[in-house]
Amino acid sequence: SAVISQKPSRDICQRGTSLTIQCQVDSQVTMMFWYRQQPGQSLTLIATANQGSEATYESGFVIDKFPISRPNLTFSTLTVSNMSPEDSSIYLCSVEDRDAYEQYFGPGTRLTVT
Amino acid sequence: KNEVEQSPQNLTAQEGEFITINCSYSVGISALHWLQQHPGGGIVSLFMLSSGKKKHGRLIATINIQEKHSSLHITASHPRDSAVYICAAETSGSRLTFGEGTQLTVNP
């Protein structure tokens, strides 16, 4: 199994500022995923982060707004840039272990933008 | 129409009842996931399946690839089963598309 930690667990930020969320996995994984869960909604995939290559963004999400780093096989960051109240969400990272038929999720970062 | 649809959206049951949550999808998938999200927001993977049936404790997940339909069953439900249950279709590149979730409340 994989254990995922995220920092910060929550934050309240001012409009126009940026926040970087960290995701740490206790084992090496090829693919890491970043999701957003807006209030009362289900999850939406933001991007897929592979080590050593540019992240792949889903429709509606762009690198300038959500830059992602993936410096090694156990760590990734997601930055939410130039925040607005519409960015208030829970942001989660996840990894998949296909051999174990498991998907693991971090505990999430609850972001409130005022 | 969403690519992944769940029913019902909300479900209230009495302790001990047999529960079924349904999931239909319209995309080609490599696997179908069932997830559980508790009120604090934490998400736990329950099942990942690409065919047939899987069982873990009181939970059973089935999938019919031809009909593009999956079900999650909970036998002998308990108040601690109260949570949001989410199905997600895995497509190319291990990307997940999520259903809207089913809020389950099990009353003692």
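Remember, it's a predicted structure, so these values are computed and weren't measured experimentally.

What counts as what
- Numbers given to residues run from 1 along each chain, matching the order in which its sequence is written.
- Chains carry letters from A onward and ligands carry numbers from 1 onward, assigned in written order.
- Predicted model: local features are reported for residues with pLDDT of at least 70 only, side-chain atom pairs are reported and counted for 80 or more only, and whole-chain, interface and lining totals are derived from all residues.
- Side-chain calculation: all heavy atoms of the structure are included, whereas hydrogens and water are not.
- Any two residues having at least one pair of non-hydrogen atoms within 4.5 Å are treated as being in contact.
- Buried area is a sum: the accessible area each of two parts loses on coming together, probed at 1.4 Å, counted once for each and added.
- A pair is scored as a salt bridge if a Lys or Arg side-chain nitrogen falls within 4 Å of a carboxyl oxygen belonging to Asp or Glu.
- Strands are runs of DSSP state E lasting at least two residues, helices are runs of H or I lasting at least four, and both sets are numbered from the N terminus onward.
- Only buried residues count toward a nonpolar core, which is a set of Ala, Val, Leu, Ile, Met, Phe, Trp, Tyr and Cys residues joined through side-chain atoms within 4.5 Å.
- The buried label applies to any residue whose accessible area, calculated with a 1.4 Å probe on protein chains only, is under 20% of its type's maximum; exposed applies above 50%, and partly exposed to all values in between.
- Pairing between strands is defined by DSSP: at least two bridges between the two strands are required.
- Axis angles are defined between N-to-C directions and span 0 to 180 degrees, where every axis is a line fitted to C-alpha atoms and, for a helix, only to the segment in contact.

(A) Focus on the interface of chain B and chain A. Opposite the 18 residues of chain B that make contact, chain A presents 18 residues. Taking both partners together, chain B and chain A bury about 1,700 Å²; carbon and sulfur atoms supply 51% of that area. Inspection of the region where chain B meets chain A yields one salt bridge. Between E58(A) and R95(B) there is a salt bridge whose closest N-O contact spans 2.5 Å. Of all the elements in the fold, those that place two or more residues in the side of chain B that touches chain A are β4 (31-37), β5 (43-49), β9 (83-90) and β10 (96-98) of chain B.

(B) Summary view of the nonpolar core. In this structure, W34(A), I46(A), F66(A), I68(A), Y91(A), V95(A) and L111(A) are the most contacted members of the largest nonpolar core, which totals 27 residues. Looking at which element gives the most residues to this core, the answer is strand β3 (residues 19-25) of chain A, with four residues. Residues A13(B), I21(B), F47(B) and I63(B) belong to the second largest nonpolar core, which totals 23 residues.

(C) Just the sheet that holds strand β1 (residues 4-7) of chain B, in detail. Residue and element names in this part refer to chain B. Strands sit in the order β1-β3-β8-β7-β6 across an open sheet of five strands; the sheet is antiparallel. The open sheet has two free edges, formed respectively by β1 and β6 (52-56), since each of these has just one partner strand. Within this sheet the neighbouring strands show an average axis-to-axis angle of 15°, counted without direction. Judged from the six bridges that link them, strand β7 (residues 59-64) and strand β8 (residues 69-74) form a sheet pairing that is antiparallel. Counted as the bridge partner of T62 is S71 from β8.

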